[in-house]
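# Summary of structural features
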Amino acid sequence: MADDLKIGIVGGAGRMGQMNVIQATATEGCVIAGATESPGHAALGEDVGSLAGLGPLGVELGDDPAAMIAGVDVVVDFTVPQATVETARLAAQAGAALVAGTTGLDPEQEAEIEKATRHVAVVRAANMSVGVTVLAALTEQVAGMLGPDYDIEVLEMHHRHKIDAPSGTALALGTAAAAGRKVALDDVKQAVRDGHTGARPSGEIGFATLRGGDVAGEHSVIFATDGERLVLQHKASSRRVFAVGAVRAALWTRDRPAGLYNMRHVLGFEN
């Protein structure tokens, strides 16, 4: 339809890229209008629908992100930090909204992403899952309710191919816990324990990382004190949940003013 939201996918041959193609195609009011991969990729020139197992959509996988982004309303990027920074720059130039689920960006790269928010709507989240968004909100609330006698630990597990640790979602949950306690995560974060570490400092927010198999994503926030533990947990059994959130975010950007948003905005938790 002429008024369908035109979505472009960066990393269209990747696991999340294909999942985003499938979800966008299945969602009323959306159409895949373009998709790219890096130059030299083996799948270049193939139909993105066929790559995703849907059958032909009439959209070839290309290697020119500038041309692709110029022809879409919103671009979805779940790739790698350097590529996402370039996507943000091109989206700002083209006036296309951006939904970015890439993790592992350093502060300078995050700052580059934020430059695009002066020109277009950017939904930035380490995890697009609706369930994880609720988990983060609950984590912040519970951390604020429980006193310093409760130690906070964030445990996460992902597939063997994940390249950053702790996961972006784990860090987002740690940030939510720190916000609930009205402290900065960098001041209380402990991501590595090895050897004789001594007793656990009061107020510390710890992280534990597990990698193996094909785990899509599991996160637990543990509040532990003498005599009891409270555990908030989310398990993703399929990457589809991330694509559902990403496409929901893409639709939400329609007619949205320029600015930096997150999934709490998309779900209506924040104005």
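Just above, that's the structure.
None of these values were measured; they are calculated from a predicted model. (Residues numbered from 1 in each chain as written. Predicted model: local features only at pLDDT ≥ 70, side-chain atom pairs only at ≥ 80, totals over all residues. Heavy atoms only, no water.)

## What about the pairing of strand S2 (residues 30–36)?
Here S2 lies mainly inside the structure; five of its seven residues are buried. Bridge count between strand S1 (residues 5–10) and S2: six bridges; the pairing is parallel. Pairing of Val10 across the sheet is with Thr36, part of S2. This β-α-β element, S1 to helix H1 (residues 15–26) to S2, shows right-handed connectivity. Direction of pairing for S2 relative to strand S3 (residues 61–62): parallel, over a ladder of two bridges. Of the residues in S3, the one forming a bridge with Ala35 is Leu61. (Buried < 20%, exposed > 50% of the residue type's maximum accessible area, 1.4 Å probe, protein only. Helix = DSSP H or I, 4+ residues; strand = E, 2+ residues; numbered from the N terminus. Pairing = 2+ DSSP bridges. Right-handed = clockwise from strand over helix to strand, strands pointing away.)

## Here we look at the packing of helix H4 (residues 81–94) against helix H5 (residues 107–116)
Where H4 contacts H5, the two axes come as close as 8 Å, and the packing angle between them is 15 degrees. Judged by the inter-axis angle, H4 sits roughly parallel to H5. Both H4 and H5 take part in a crossing whose hand is left-handed. Taking contact as the criterion, the partners of Pro81, Gln82, Thr84, Val85, Ala88 and Ala92 in H4 are, on H5, Gln109, Glu112, Ile113 and Ala116. (Axes fitted to C-alpha atoms, helices over the stretch in contact; angles between N-to-C directions. Parallel < 35°, antiparallel > 145°, perpendicular 65-115°, else oblique. Left-handed = near helix turned anticlockwise from the far one by under 90°. Contact = heavy atoms within 4.5 Å.)

## Structural notes on the nonpolar core
Counting residues in each nonpolar core, the largest one holds 30 residues, and the members touching the most others are Ile7, Ile9, Ile32, Val74, Val99, Val123 and Met263. Those elements giving two or more residues to this core turn out to be S1, H1, S2, strand S4 (74–77), strand S5 (97–100), strand S6 (121–124), helix H9 (240–252) and helix H10 (263–267). Of all the elements, H9 adds the most residues to this core, at five residues. Every residue in contact with Val123, bar those within four places of it in the chain, is listed here: Leu98, Val99, Ala100, Met128, Ala249, Trp252, Thr253, Tyr261, Asn262, Met263 and Val266. One finds Ala136, Val154, Leu173 and Ala177 within the second-largest nonpolar core, a separate group that totals 19 residues. (Core = buried A, V, L, I, M, F, W, Y, C linked by side-chain atoms within 4.5 Å.)

## Section: the packing of helix H6 (residues 130–145) against helix H7 (residues 168–180)
Viewed as axis vectors pointing N to C, H6 and H7 meet at an angle of 30 degrees, and their least axial separation amounts to 6 Å. With respect to each other, H6 and H7 are oriented roughly parallel. At the point where H6 passes H7, the crossing takes the right-handed sense. Residues Val132, Leu135, Ala136, Thr139, Glu140, Ala143 and Gly144 of H6 form the contact with H7, whose participating residues are Thr169, Leu173, Ala176, Ala177, Ala179 and Gly180. In terms of residue class, the contact of H6 with H7 is built from eight nonpolar, four polar and one charged. (Nonpolar A, V, L, I, M, F, W, Y, C, P; charged D, E, K, R; others polar.)

## Some thoughts on H6
With 16 residues, H6 should reach 22 Å at 1.5 Å per residue; the first-to-last C-alpha distance of 23 Å fits that figure. Looking only at H6, the buried set comprises Val132, Thr133, Leu135, Ala136, Thr139, Val142 and Ala143. Tucked inside the fold, the buried residues of H6 contact strand S7 (151–158), H7, strand S10 (217–225), strand S11 (228–236) and H10. Its side-chain oxygen at 3.1 Å from the backbone nitrogen of Gly131, Ser129 defines the N-terminal cap of H6. (Expected span 1.5 Å × (residues − 1). Polar contact = N/O pair within 3.5 Å; in protein donor to acceptor, adjacent residues only side chain to side chain.)

## As for the environment of Asp63
Among the secondary structure elements, Asp63 is positioned in the loop between S3 and helix H3 (65–69). C-alpha of Asp63 to C-alpha of Leu44: the two residues are 19 residues apart in sequence and 7.1 Å apart in space. Aside from chain neighbours lying at most four places away, what touches Asp63 is Glu37, Ser38, Pro39 and Leu44.

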